Amino acid sequence: MSKFFSMWLRARNIKRWPLQSNIFESNNAEHCYECAIISHMLGVIERDIFNDTKINPERMATRAVYHEGDEMGGLGDVNSMAKNNDLETKKAFSRISQIFQEKLLNTLPDELKSSYRQLVFQDKDSKEGQLCKAADDISAYIEAVRELNC
């Protein structure tokens, strides 16, 4: 098995919100699965209710599975308050994220890199990117509500 897939299979070992006090522990495997389900549903809603024929719900689900590429590449989960502290910090974390995404992509044979590049380096400004981010935010919201309800 390639190192690329080994890195993805360790998603269950990457704890989410590691600096937070959690009643329920969460990991990246569960998070990416949840995001894939939510992202697929958002894609179906966008396509079937808002008639956006350019949206492919299956591609949306796949994007969500791979949306934590930097974390799988070795960065781990860094809380958003740290990443978004100020513009300079946000830019620095963006660059660090790209380094770990590149590290992950470079574990693949050259013949496969072009197919996975768009999954590891996702266009967050595209409609699909925005919907995937919305799925990520909804997943975080669900996690927060679950914590508050205990």
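Residues numbered from 1 in each chain as written. Predicted model: local features only at pLDDT ≥ 70, side-chain atom pairs only at ≥ 80, totals over all residues. Heavy atoms only, no water.

Structural notes on the overall build of the protein chain
Then, in step 1: Of regular secondary structure, the protein chain possesses eight helices and zero strands.
Then, in step 2: When the helices and strands of the protein chain are listed from N to C terminus, the series reads α-α-α-α-α-α-α-α.
Then, in step 3: Here the protein chain has a C-alpha radius of gyration of 16 Å; the compact-globule value for 150 residues is 15 Å, and the two agree.
Then, in step 4: Dimensions of the protein chain, computed from the C-alpha atoms along their principal axes, are close to 40 × 40 × 35 Å.
Then, in step 5: Considering the protein chain as a whole, with its 150 residues, one finds that 37% of them fall into the buried category.
Then, in step 6: Long-range pairs, those at least 24 residues apart, make up 68% of the contacts in the protein chain with a sequence separation of at least 6.
Then, in step 7: The centroid of the 20 positive side-chain charges in the protein chain is displaced by 4 Å from the centroid of its 23 negative side-chain charges. (Helix = DSSP H or I, 4+ residues; strand = E, 2+ residues; numbered from the N terminus. Rg over C-alpha atoms; globule rule 2.2 N^0.38 Å. Buried < 20%, exposed > 50% of the residue type's maximum accessible area, 1.4 Å probe, protein only. Contact = heavy atoms within 4.5 Å. Lys, Arg positive; Asp, Glu negative; His and termini not counted. Charge placed at Lys NZ, Arg CZ, Asp CG, Glu CD.)

So, the packing of helix α2 (residues 28-48) against helix α8 (residues 127-148)
Then, in step 1: Where α2 contacts α8, the two axes come as close as 8 Å, and the packing angle between them is 125 degrees. Compared by their axis directions, α2 and α8 come out oblique. The two elements α2 and α8 meet at a crossing, and its hand is right-handed. Here α2 contributes His31, Glu34, Cys35, Ile38, Ser39, Leu42 and Glu46 to the contact with α8, which in turn contributes Lys127, Leu131, Cys132, Ala134, Ala135, Asp136, Ile138, Ser139, Ile142 and Arg146.
Then, in step 2: Of the residues contributing to the contact of α2 with α8, the split by class is nine nonpolar, three polar and five charged. (Axes fitted to C-alpha atoms, helices over the stretch in contact; angles between N-to-C directions. Parallel < 35°, antiparallel > 145°, perpendicular 65-115°, else oblique. Left-handed = near helix turned anticlockwise from the far one by under 90°. Nonpolar A, V, L, I, M, F, W, Y, C, P; charged D, E, K, R; others polar.)

What to know about the pattern of salt bridges
Then, in step 1: This model, assessed by the stated rule, comprises nine salt bridges.
Then, in step 2: The partner of Glu34 in a salt bridge is Arg146, with the nearest N and O atoms 4.0 Å apart. Residue Glu34 is found in helix α2, and its partner Arg146 is found in helix α8; the two are separated by 112 residues along the sequence.
Then, in step 3: A salt bridge links Arg117 to Glu102; the nearest nitrogen and oxygen atoms lie 3.6 Å apart. Separated by 15 residues along the polypeptide, Arg117 in helix α7 (residues 110-120) and Glu102 in helix α6 (residues 87-105) bring together distant segments of the chain.
Then, in step 4: The class for Arg117 is partly exposed, based on a relative accessible area of 36%.
Then, in step 5: Residues joined in a network through salt bridges with shared partners are Arg59, Arg63 and Glu128. (Salt bridge = Lys/Arg side-chain N within 4 Å of Asp/Glu carboxyl O.)

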